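Analysis of the macromolecular model
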Amino acid sequence: MNLKELSQMLGLSQTTVSRALNGYPEVSEATRARVVAAAETHNYRPNPRAQGLATGHSRCIGHVISAKHSVETVNPIFGDFMAGAGETYARHGYETMLTRVDADGEAEAYRNLKARGAVDGVVVHAPCMNDPRLPVLHEIGLPFVVHGRASGTDTPYDWLDVNNRRAFQEATRYLLDLGHSRIALINGHEDMDFAMRRRAGFEDAMRDAGVTIDPELMVAGEMTEGHGFRNAQRMLAHHAPPTAFLISSIISALGVRRALDARGLRVGQDVSIATFDDCLSYLQNGADTPVFTAARSSVRAAGAALAEMLIERIQNPDGAPATCLWEAELVVGASTGPCPD
C-alpha cells in the first residue's frame, strides 16, 4: 500500500497522513492514532526519500573517503567500524552513503552533500593534525562527529577516541619491565593524530626509563602486512637488532611475525611482539590465550557508539559538544617474554 491508497482509505489528505506518521504537533492525537493503526494493519512503510522531502531530513549518514586514504575502504578495521555504525543507523531508521573523492576533494564533497540535502550528518575518518575538514564542516553547518581527535583544532567538536598515548605508554613499559631496551616502533602514518599520540606514548615510556631511542628502529607508514614484514626484515638485519617490536596494528604484526619466521626466530622467546588489537570480527587475536600481547579496544563498538553520538547531534544541533575517551586494555598474550640474554 502506498501513501495515496492509505489516504483514500482513511478519507484524509496525503499531507495529513504524512504529518500524522511523522509526529507533527498540529495533527490531533485521535487522528494520529487512527493513521498509525491503519498503517500497521496494512503494513504501510513510508518511502524514506519522500519522507525526507516532507521533513527536510534525508535519513542518511555520509562517510567521505579521500583517495589518499583509499586503502581504508578495504581495510578490515574500516569494515568493522562500518558494521558497528551500520547496525546503529538501521536501528534508528538511517541509511548510509559512502563517497570516494580525490585527495583534495573532501571539502567540495561536504559542500555538495550539504547543498543537495543528501545526508543529515557525516562521520570524519582518519583525523590529522590541524585537520582542514573541521572548519569547513563548521562553516557550512553540516552535523559531524570525528572518529579520533584532531590536535590543533580550537573550535569544539564531537569526537570519540581511544587513549592512544596511554595505551602505547603501558605497552612500552610492559616490554621494558621484561628487560627489553632495543624496542622497535612500527607505526601508522604520523600525520594522523592517533599515530602521533602512539609515538608520543612510546617515547614517553622510553624516556622515563632512561632508555635511548634509536631512530633506525622507528618507522611510520600504511598499516599493512607488507609494511610490517619489510620493516621488520630491515630492522632485524641491523647490527644491533631489536629484541621487541611495538606495532600499531595487528595486521602489520602479522607481517613482523612472518619476518621472524623467515629468520628462524621464535616469537615470544627470541623476539617479542606487542601490538594494537581492534578486536576485528574476521581476525581474532586468539581465543582463550591471545596470540599477541596487545592494547585492546573494539573498533566495531566505537562505530556503534559514534553513530549514536552523530544521531544525537542531528536531533540536537545546538547541544554542547560531546567527547568520549576510551581506555584500551593491555592483554598479555603468547607473543611476549623476557629479553633473551
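The paragraphs below set out a description of the structure included in this document. Computed from a predicted structure; not experimentally measured. (Residues numbered from 1 in each chain as written. Predicted model: local features only at pLDDT ≥ 70, side-chain atom pairs only at ≥ 80, totals over all residues. Heavy atoms only, no water.)

**Observations regarding the sheet that holds strand E3 (residues 121–124)**
An order of E2-E1-E3-E4-E5-E11 is seen for the six strands of this open sheet, with the pairing classed as parallel. Each edge of the open sheet is held by one strand with a lone partner, namely strand E2 (95–101) and strand E11 (323–326). The sheet shows a mean angle of 20 degrees between the axes of neighbouring strands, taken without regard to direction. Pairing between strand E5 (residues 159–162) and E11: four bridges, direction parallel. Opposite Trp-159, over in E11, you have Thr-323 as the bridge partner. Across the sheet, helix H5 (residues 76–91) is in contact with strand E1 (60–66), E2, E3 and strand E4 (144–147); its angle to E1 comes to roughly 165 degrees. (Pairing = 2+ DSSP bridges. Helix = DSSP H or I, 4+ residues; strand = E, 2+ residues; numbered from the N terminus. Axes fitted to C-alpha atoms, helices over the stretch in contact; angles between N-to-C directions. Contact = heavy atoms within 4.5 Å.)

**Describing the sheet that holds strand E8 (residues 244–247)**
Pairing between the strands of a sheet is mediated by backbone hydrogen bonds and can be parallel or antiparallel. Strand order in the open sheet made by the six strands is E7-E6-E8-E9-E10-E12, with mixed pairing throughout. Either end of the sheet is taken by a strand with one partner, and the two such strands are strand E7 (218–220) and strand E12 (329–331). Neighbour-to-neighbour, the strand axes of this sheet turn through a mean angle of 15 degrees, independent of strand direction. With three bridges joining them, strand E10 (residues 293–296) and E12 adopt antiparallel strand pairing.

**Describing the pattern of salt bridges**
The final tally for this structure, using the stated rule, is 20 salt bridges. The partner of Glu-26 in a salt bridge is Arg-19, with the nearest N and O atoms 2.5 Å apart. With its nearest N and O atoms 2.7 Å apart, the salt bridge here joins Asp-204 to Arg-165. In this pair, Asp-204 is assigned in helix H9 (residues 193–208) and Arg-165 in helix H8 (residues 164–177), connecting sequence segments 39 residues apart. Arg-165 gets classed as partly exposed once you look at its relative accessible area, which sits at 39%. What emerges from the salt-bridge pattern is a single network uniting Glu-106, Asp-131 and Arg-133. (Salt bridge = Lys/Arg side-chain N within 4 Å of Asp/Glu carboxyl O. Buried < 20%, exposed > 50% of the residue type's maximum accessible area, 1.4 Å probe, protein only.)

**Considerations on unusual backbone geometry**
The phi dihedral of Arg-59 falls on the positive side, at around 55 degrees, and the residue is not glycine. Mapped onto the fold, Arg-59 is located in the loop between helix H4 (48–55) and E1. The backbone of Cys-279 sits at a positive phi, close to 55 degrees, despite the residue not being glycine. Its place among the elements puts Cys-279 in the loop between strand E9 (272–277) and E10.

**Some words on H5**
In this model H5 runs 23 Å from its N-terminal to its C-terminal C-alpha over 16 residues, within 8% of the 22 Å that 1.5 Å per residue would give. Looking only at H5, the buried set comprises Ile-77, Phe-78, Asp-80, Phe-81, Met-82, Gly-84, Ala-85, Thr-88 and Tyr-89. Check the buried side of H5 and you find it contacts E1, E2, E3, E4, helix H11 (250–262) and helix H12 (299–315). Two or three places before Ile-77, at the opening of H5, Asn-75 has a side-chain oxygen 2.8 Å from that residue's backbone nitrogen. Positioned one or two residues after H5, Gly-93 has a phi angle of 80 degrees, which is positive. (Expected span 1.5 Å × (residues − 1). Polar contact = N/O pair within 3.5 Å; in protein donor to acceptor, adjacent residues only side chain to side chain.)

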